[in-house]
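# Structure at a glance
Letter by letter, the chains look like this.
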Amino acid sequence: GQVFRLEEYKPSAYRIPRLELDFRLDAQETLVTARMQVERAEGTDVGTPLVLDGDGLSLVGLAVNGEPAGENGFEALPDQLTLRDVPAGDHFELEIVTRINPSANKALMGLYVSSGVFCTQCEAEGFRRITYFLDRPDVLSTYRVRMEADRATAPLLLSNGNPVENGDLDGGRHYAIWDDPHPKPSYLFALVAGNLGVVSDHFITASGRKVALGVYVEHGKEARATYAMDALKRSMRWDEERFGREYDLDVFNIVAVSDFNMGAMENKGLNIFNDKYVLADPETATDMDFANIEAIIAHEYFHNWTGNRITCRDWFQLCLKEGLTVYRDHEFSADMRSRAVRRISEVRTLRAHQFPEDQGPLAHPVRPRRYREINNFYTATVYEKGSEVVRMIHTILGEEDFRKGMDLYFDRHDGQAVTIEDLIACFEEAGRVDLTQFALWYHQAGTPNVIASTSYDEQAKSFTLELEQSVPPTPSEARKKAMHIPLKFGLVGPNGEDMDWASADGAEISGDVIHLRERRHTISFKGIGQRPVLSLNRGFSAPVVLSEQVSSADRYFLAQHDSDAFNRWQALNSLANEALIEAANQARNGTVPGFDDELVSFPAGIAGDETLEPAYRALAITPPAEADIAREIGGNVDPDAIHRAREAYLDAVARSGATQMASVYDALADDGTFNPDAGHAGKRALRNVLLGLLMRAEGSPERGVVQYRSATNMTERLAALMEVTHRFANSPEASELLADFEGRYSDNPLVMDKWLTTQATIPGDGAAARVRELMKHSSFSLSNPNRVRALIGGFASGNQTGFHAADGTGYQLLAETILAVEELNPQVAARLAVTFRSWRSLEPHRQKLAREALATIAKAENLSRDLRDIVDRTLA
Ligand code: HT7
Ligand code: ZN
């Protein structure tokens, strides 16, 4: 397949400053008329053919300056329209008519129908499935969109920008016209036509303009959209206060659809969402759902400035909008909720998703240099590591200069399509710093390893810190350069307070940040009267793997006394990790895993520590997940041994602190009134972690059954269902609760997704067979991405022992399902295939089975570019 390379970027030979679109909407046969003003760019020779992108299109008509184009003047292929007879003037008008079939569109890119609603998804290259166009992000046009449809089935007609006109037509048809004054690339185009309910509100901007807000959902679901509306208004206010960014149209609409490839899409003035990230009420959504909705509503809204007003020059620059916008949504959530708790969750996500990507065959730089299929680059590296890179720039510059850099970026590049270099230049100017070495974070793949060791010389009152960095090789990058790694730190004295030092040499230290730039640094701090304990990479200031030679005693000390909440959690997490790796070795060798008393008694103490917020306590007593332990082990992984070790650890923790934990559990019972805020969610999180531990201690599903039956919200009900079904998989109680849940929610697909995931993640050998049975259930559908992700994605990424069953049934099931999904939706199939990426870190027997399963995909004929790309790189 064709490879696209960053260095081959060329500006477009033509511009299209104006586009008028006319849609005659019909589910099977929609006619699209695109009238565009085309301008020859400076430096383009007169007569240069105009080559427009298409994807599976059929041309109905073509006119140039109002005249039908002569047959020899153009060539129309499904994936390209070449106009050879280009008028000699500087600009001309081109009219293109295409015919498309939205109801046959199962790839969910371009114009499609979801539950009877016409909707679009154009990022990255979906617009070319609607009409021929210069479908690239550096071609910016103002749009006027006219839609015509049956009034009965599509009373609602929405597009980007502001509404201009609407009216009735003959034959039960009607029309609406929308105009978007802000030039935008085609990937931000959207339309929605259907019959939906709405929650309406308004927002008064900082400068006093009134913006009409709408959240559109299926009729009858309006009450479940009020939280999303509230999150939207909070996002709008926050962006004004924190970044000085005001909204710029008279309306802002959000539409929830039930078939969607990703989470949501930031189309100008008309965000389209996966309904999973809009609909929530206490009875049907968990606290995690509420938090995700808040974050994704904010993320898409923040794109209005970071992505829409200033967009990407080309798709290699995807992190320009995504990394920066994730950083902004992380900051928003930190301000709305608990900063420490959010940071721990972000880092857990980064480690769970981005680290394995960076350490495996799909590793790529935050700004890639080549791709075969851009859809495969909406990755944790581009998004999450991209956000971490912006966070490091903030750490280096400090809040004031960071804000100046952002202001400069908005001033200088508003209305443009730009590059990462343009963004970095703004921060360099605002902060008066040279970010040349730092920029390697964008260009060099791989997670840096940092090794730290310390020594204390009492006589010399000197504390020495040795730091060494290295970046492991990644595909097509064997040799790596030393990075600029900003490490926040503190030297914690015996009283728990950070110690001052008289002088330090060996590295640049500014405030509480060590700037690591060389491969090795030896830093000596002078004037240190007592041995300190080093707290390094506070707040996870740099996304590195840190190996420290630290005693357990020092880790326990940090877990209790570090002023940095993240590192307090990290200290505990490291202790648990080390113990679990050791225990997994024991389990593999047939020994019963054993654990220190101090380690297993610690969680009960934390659970009852009233000085800590409940959400933090919940995180602190949750041990690393099986996948985390596997990643830490790194090679020759046996998922069964890891499972046994983790189970043994949890059993030991449960036995050690049951009485104490039971009283905390009881005290956390709520009064039945639901509040989705972080404080209340934290209490529920802690109570649910304790539920699992208490059920272990009690050896009975009873407590889970009671919680399930008395629950007044989904967070408590689902947690109880999980604990009962996972811990007592074949018990009558498990079957009873599963049947009850199905009975309660069979008419709610999003809740049934939870039911599917719950069963897909029951550990053990029978998992693949269970999933196969569930694929026949009426709640499941291969064509709906949410259903596929819930059941198949849940199984492959959330069930280590099931997916990696030693008989290979998990891998076979996944390979077969990927090929079946591929026929309908290549993007979703390719994303499922990513779950094979760590196959080389498995023990040899499973490695062989996983490779065989991948090979069955690889040898299938006519694979999509999406799946071919992932499978080839995974096997390479
Ligand atoms: N910018 C959006 C990306 C997206 C997308 C990409 C490929 C295919 C379907 C898609 N739907 C949405 C989402 C975001 O980052 O905000
Ligand atoms: Zn985004």
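Here the structure is a predicted model, which is why all the values come from computation and not from measurement.

## What to know about the confidence of the model for the chain
Averaged over every residue, the pLDDT of the chain is 98; the share at 70 or more is 100%. Interface predicted TM-score (ipTM) for the complex: 0.98; the corresponding pTM is 0.99.

## Section: the packing of helix H3 (residues 318-336) against helix H4 (residues 339-358)
Pairs of packed helices are described in terms of their axes, by the angle between the two and the distance that separates them. Between H3 and H4, the shortest axis-to-axis distance is 7 Å and the interhelical angle comes to 140°. When the axis of H3 is compared with that of H4, the two are oblique. Seen from above, H3 lies across H4 with right-handed handedness. Contacts between H3 and H4 involve His330, Ser333 and Ala334 on the former and, on the latter, Arg339, Arg342, Arg343 and Glu346.

## Comments concerning the UniProt feature "domain: Aminopeptidase N-like N-terminal" (unreviewed entry) in the chain
Following the UniProt record, one finds the feature "domain: Aminopeptidase N-like N-terminal" (unreviewed entry) at residues 92-188. Counted over residues 92-188, helix gives 0% and strand 54%. Its end C-alpha atoms are 24 Å apart.

## Some words on the nonpolar core
In terms of nonpolar packing, the biggest core is built from 260 residues, with Val192, Ala228, Val278 and Ala833 touching the most fellow members. Sort the elements by how many residues they give to this core and helix H9 (residues 565-588) lands first, with 12 residues. When neighbours within four sequence positions are excluded, Val278 is seen to be in contact with Val215, Val217, Ala225, Ala228, Ile254, Ala256, Phe273 and Ile293.

## Observations regarding the site of ligand 1
Among the 15 residues in the neighbourhood of ligand 1, the closest are listed as Glu123, Asn261, Met262, Met265 and Tyr378. Looking at the shell around ligand 1, the elements with two or more residues in it are strand E20 (264-265) and helix H2 (287-302). Considering only residue class, the shell around ligand 1 consists of five nonpolar, six polar and four charged. When residues are assigned to domains, the shell around ligand 1 turns out to be shared by domain 1 (1-191) and domain 2 (311-443), each giving three or more.

## Details of the domain arrangement of the chain
According to the domain assignment, the chain consists of domain 1 (1-191), domain 2 (311-443), domain 3 (449-542) and domain 4 (746-876). Each of domain 2 and domain 4 has a C-alpha centre, and these two points are 30 Å apart. Taken together, the contacts link nine residues of domain 2 with 12 residues of domain 4. Residues of the side of domain 2 that touches domain 4, tallied by class, amount to three nonpolar, three polar and three charged.

## Focus: the UniProt feature "domain: Peptidase M1 membrane alanine aminopeptidase" (unreviewed entry) in the chain
In the numbering adopted here, UniProt assigns the feature "domain: Peptidase M1 membrane alanine aminopeptidase" (unreviewed entry) to residues 227-438. End C-alpha to end C-alpha, residues 227-438 measures 40 Å, and it is 56% helix and 9% strand.

## So, the sheet that holds strand E30 (residues 513-516)
The strand order E29-E30-E27-E32 describes an open sheet built from four strands, whose pairing is antiparallel. Where the open sheet ends on each side, the last strands, each with one partner, are strand E29 (508-510) and strand E32 (533-536). In this sheet, neighbouring strand axes are inclined to one another by 35° on average, regardless of whether the strands run parallel or antiparallel. As paired strands, strand E27 (residues 485-492) and E30 are joined by four bridges and run antiparallel to one another. Bridge pairing in E30 places Leu487 opposite Ile514.

## Quick word on unusual backbone geometry
Excluding glycine, a negative phi dihedral is what most residues carry, and trans is how most peptide bonds are arranged. Across the junction of Glu123 and Ala124, the peptide omega takes the value 0°, indicating a cis bond. Mapped onto the elements of the fold, Ala124 is located in the loop between strand E11 (117-121) and strand E12 (141-150). We note that Ser115 has phi near 45°; this positive angle belongs to a residue other than glycine. Tracing the backbone through its elements, the reader meets Ser115 in the loop between strand E10 (110-114) and E11. For Ser115, a count of 14 C-beta atoms within 10 Å translates into the label partly exposed. The backbone of Asn636 sits at a positive phi, close to 55°, despite the residue not being glycine. Secondary-structure assignment places Asn636 in the loop between helix H12 (626-633) and helix H13 (639-667).

Reading the values: the criteria
Residues numbered from 1 in each chain as written. Chains lettered and ligands numbered in written order. Predicted model: local features only at pLDDT ≥ 70, side-chain atom pairs only at ≥ 80, totals over all residues. pLDDT = per-residue confidence, 0-100. Axes fitted to C-alpha atoms, helices over the stretch in contact; angles between N-to-C directions. Helix = DSSP H or I, 4+ residues; strand = E, 2+ residues; numbered from the N terminus. Parallel < 35°, antiparallel > 145°, perpendicular 65-115°, else oblique. Left-handed = near helix turned anticlockwise from the far one by under 90°. Contact = placed C-beta atoms within 7 Å. UniProt positions renumbered as here; feature names shortened; annotations may be inferred. Core = buried A, V, L, I, M, F, W, Y, C linked by C-beta atoms within 7 Å. Buried ≥ 20, exposed ≤ 12 C-beta atoms within 10 Å, placed from the backbone. Near = placed C-beta within 6 Å. Nonpolar A, V, L, I, M, F, W, Y, C, P; charged D, E, K, R; others polar. Domains from an automatic or database assignment. Pairing = 2+ DSSP bridges.

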